[in-house]
Amino acid sequence: MSARLNTAQPYALGLFRMVVGLLFACHGAASLFGVLGGAMGTKGATIDAGTWPGWYAAVIQLIAGGLVLLGLGTRGAALIASGSMAYAYFDVHQQMNLWPIQNGGELSVLFCWSFFLLVFTGSGALGLDRLFAKRSTAEGKRTVEQTPVAA
């Protein structure tokens, strides 16, 4: 059973990456463009351009979420996304209470740790990172194969 699950690991990781990236990009699109119900707490409105930190967070969410969804520059985009969610938790949520369940910061914590995991695992299967790595290998350049390591 473990061997069979290990062969599916890159695909499960790729699907995980796509879902997390899509959800993160949706948050950014909602805040910037007013789609999908708009920014949280605004009744369908957007965040004013240039306001700190909300507008910048929404830009990070849209761009980093899109890159993670596509699997393009996954590790770098995930690192920036993880850091932005850590900032959101410690700057906004933790001031209200210590535990995420008490301060409404569960989503920030889940996004932070999900992206942090992707920093170390990479894009998995079905990502543009792998497509470009295969293309550069086919052109004769030396690349190191990056496959997830099972525990």
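Anything mentioned here points back to the structure above.
Every value quoted in this text rests on a predicted model; they were computed, and no experiment measured them.

Conventions we followed
- Residues numbered from 1 in each chain as written.
- Predicted model: local features only at pLDDT ≥ 70, side-chain atom pairs only at ≥ 80, totals over all residues.
- Heavy atoms only, no water.
- Helix = DSSP H or I, 4+ residues; strand = E, 2+ residues; numbered from the N terminus.
- Buried < 20%, exposed > 50% of the residue type's maximum accessible area, 1.4 Å probe, protein only.
- Contact = heavy atoms within 4.5 Å.
- Areas by Shrake-Rupley, 256 points an atom, 1.4 Å probe, with all protein chains shown as cover.
- Phe/Tyr/Trp six-rings, centres within 6.5 Å; stacked < 30°, edge-to-face > 60°.
- Polar contact = N/O pair within 3.5 Å; in protein donor to acceptor, adjacent residues only side chain to side chain.
- Expected span 1.5 Å × (residues − 1).
- Bend = angle between axes of the 7 residues up to and from the residue.
- Axes fitted to C-alpha atoms, helices over the stretch in contact; angles between N-to-C directions.
- Parallel < 35°, antiparallel > 145°, perpendicular 65-115°, else oblique.
- Left-handed = near helix turned anticlockwise from the far one by under 90°.

Student: Run through the overall build of the chain, naming residues and quoting values.
Tutor: In terms of regular secondary structure, the chain is built from six helices and zero strands. Counting from the amino terminus, helix and strand elements in the chain follow one another as α-α-α-α-α-α. The buried share of the chain, taken over its 151 residues, is 31%. Taking the intrachain contacts of the chain between residues at least 6 apart in sequence as the baseline, contacts between residues at least 24 apart amount to 62%. Accessible area of the chain: about 9500 Å², with a carbon and sulfur share of 68%.

Student: Account for the packing of aromatic side chains, with residues named and values stated.
Tutor: Overall, the coordinates contain nine aromatic pairs when judged by the stated rule. Where Trp52 meets Tyr56, the ring centres are 5.6 Å apart and the plane angle is 55°; that geometry is what we call tilted. On the basis of relative accessibility, which here comes to 38%, the residue Tyr56 falls in the partly exposed class. Among the aromatic residues, those joined into a cluster by ring pairs are Trp52, Trp55, Tyr56 and Tyr87.

Student: Got a sec to walk through the side chain of Ser82? Specific residues and values, please.
Tutor: For Ser82, the position within the fold is in helix H3 (residues 74-93). A relative accessible area of 5% means that Ser82 is categorised as buried. There is a polar contact of 3.0 Å between the side chain of Ser82 and the backbone oxygen of Cys112. Sequence-distant contacts of Ser82, that is, excluding residues within four places in its chain, are made with Cys112, Phe115 and Phe116.

Student: Provide a residue-level description of helix H1 (residues 2-33), including the pertinent values.
Tutor: With 32 residues, H1 extends 45 Å from end C-alpha to end C-alpha; this agrees with the ideal 46 Å at 1.5 Å per step. Where H1 bends most, at Ala8, the angle is about 45°, and the proline Pro10 comes one to four residues later. Of the residues trailing H1, Gly34 is marked for its positive phi of about 75°.

Student: Tell me about the packing of H3 against helix H5 (residues 106-121), and please be specific about residues and values.
Tutor: Viewed as axis vectors pointing N to C, H3 and H5 meet at an angle of 155°, and their least axial separation amounts to 8 Å. As the angle between them shows, H3 and H5 are arranged roughly antiparallel. As for how H3 packs across H5, the hand of that crossing is left-handed. Contact with H3, carried on its side by Arg75, Ala78, Leu79, Ala81, Ser82, Met85, Ala86, Ala88, Tyr89 and His93, involves Ser108, Val109, Phe111, Cys112, Phe115, Phe116, Leu118, Val119, Phe120 and Thr121 of H5 and no other residues of that element.

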